[in-house]
Amino acid sequence: QVHLLESGGGLVQAGEFLRLSCVISGRTLSGLKIGWFRQAPGKEREFVAVIDWSDGDRDYADSVKGRFTVGRDNAGNMVHLHLFRVNAEDTATYYCAAAVRGLPTAQDDYAFWGQGTQVTVSS
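What counts and how
- Residues numbered from 1 in each chain as written.
- Predicted model: local features only at pLDDT ≥ 70, side-chain atom pairs only at ≥ 80, totals over all residues.
- Heavy atoms only, no water.
- Helix = DSSP H or I, 4+ residues; strand = E, 2+ residues; numbered from the N terminus.
- Rg over C-alpha atoms; globule rule 2.2 N^0.38 Å.
- Phe/Tyr/Trp six-rings, centres within 6.5 Å; stacked < 30°, edge-to-face > 60°.
- Lys NZ or Arg CZ within 6 Å of the ring centre and 35° of its normal.
- Core = buried A, V, L, I, M, F, W, Y, C linked by side-chain atoms within 4.5 Å.
- Buried < 20%, exposed > 50% of the residue type's maximum accessible area, 1.4 Å probe, protein only.
- Contact = heavy atoms within 4.5 Å.
- Disulfide = S-S within 2.5 Å.

Visitor: Can you walk me through the overall build of the protein chain in this structure?
Guide: The secondary structure content of the protein chain amounts to zero helices and eleven strands. Along the protein chain, from the amino end to the carboxyl end, the secondary structure elements read β-β-β-β-β-β-β-β-β-β-β. Against the compact-globule benchmark of 14 Å for 123 residues, the protein chain has a radius of gyration of 13 Å, which places it among compact chains. When its C-alpha atoms are laid out on the principal axes, the protein chain stretches across 40 × 30 × 25 Å.

Visitor: What is the right way to look at the packing of aromatic side chains in this model?
Guide: What describes a pair of aromatic rings is the distance from one ring centre to the other and the angle between the planes of the rings. Summed over the entire model, instances satisfying the criterion amount to six aromatic pairs. Through pairs of rings, three or more aromatic residues link up here, namely Phe 37, Phe 47, Tyr 95, Tyr 110 and Trp 113. It is Arg 45 that lies over the ring of Tyr 95; its NZ or CZ is 5.2 Å from the centre. Positioned above the aromatic ring of Trp 113, the side-chain terminus of Arg 45 is 4.2 Å from the ring centre.

Visitor: What exactly am I supposed to notice about the nonpolar core here?
Guide: Across soluble globular proteins, nonpolar side chains have a tendency to be buried as a group. The biggest cluster of nonpolar side chains holds 38 residues, and the ones touching the most others in it are Leu 4, Ile 24, Ile 34, Trp 36, Leu 81 and Tyr 94. Counting only elements with at least two residues in this core, the list comes to strand E3 (18-25), strand E4 (33-39), strand E5 (46-52), strand E7 (68-73), strand E8 (78-83), strand E9 (92-99) and strand E11 (117-122). Of all the elements, E9 adds the most residues to this core, at six residues. If near-sequence neighbours (up to four positions away) are discounted, Leu 4 is found in contact with Cys 22, Val 23, Ile 24, Ile 34, Cys 96, Ala 97, Ala 98, Phe 112, Trp 113, Gly 114 and Gln 115.

Visitor: Just to check I follow, could you spell out the environment of Val 86 for this structure?
Guide: Structurally, the position occupied by Val 86 is in the loop between E8 and E9. With 19 residues separating them in the primary sequence, Val 86 and Arg 67 have C-alpha atoms 7.8 Å apart. Once residues within four sequence positions are removed from consideration, Val 86 is found in contact with Val 12, Gln 13, Ala 14, Gly 15, Glu 16, Arg 67 and Val 121.

Visitor: I would appreciate a short explanation of the state of the cysteines in the present structure.
Guide: Disulfides are covalent bonds that link the sulfur atoms of two cysteine residues. Under the criterion given, the structure shown has one disulfide. Between the sulfur of Cys 22 and that of Cys 96 lies a disulfide, 2.1 Å long from S to S. Because the sign of the S-S torsion sets the handedness, a value of about 70° for the bond joining Cys 22 and Cys 96 places this disulfide among the right-handed ones. Of this pair, Cys 22 sits in strand E3 while Cys 96 sits in strand E9, and the two are 74 residues apart along the sequence. The same class applies to Cys 22 and to Cys 96, which are both buried.

Visitor: Looking at this structure, how should I read unusual backbone geometry?
Guide: For residues that are not glycine, phi is negative in most cases, and the peptide bond is trans in most cases. Even without being a glycine, Asn 77 presents a positive backbone phi close to 50°. Of note, Asn 77 is situated in the loop between E7 and E8. Its identity is not glycine, yet Arg 85 carries a phi of approximately 50°, on the positive side. Following the sequence through the fold, Arg 85 ends up in the loop between E8 and E9.

See below:
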């Protein structure tokens, strides 16, 4: 099993920056794809970003392209999600998840999930 733990959420003002982190444990990260999803109150969970740990390939949802970046921290077995110029639509619980094939954007392709970290954007 793969264990994931998110951190870094909190209250942030619109237009500002926030970094979320995901610590992965339980197995080597080689071969894993680490995705980020978010779920706002009353809305369905949606794909945000994914990174292939082995080669660094990335993909982003259209809604966050140009504002969010995902990166890896090899030394700490972590994946970070950088949120630039946040807006009210970014308010959600953010989850990291692990998949083992492809570079997936579908929720069902991820077998392992973290607990989530709350991001609230104020104005």
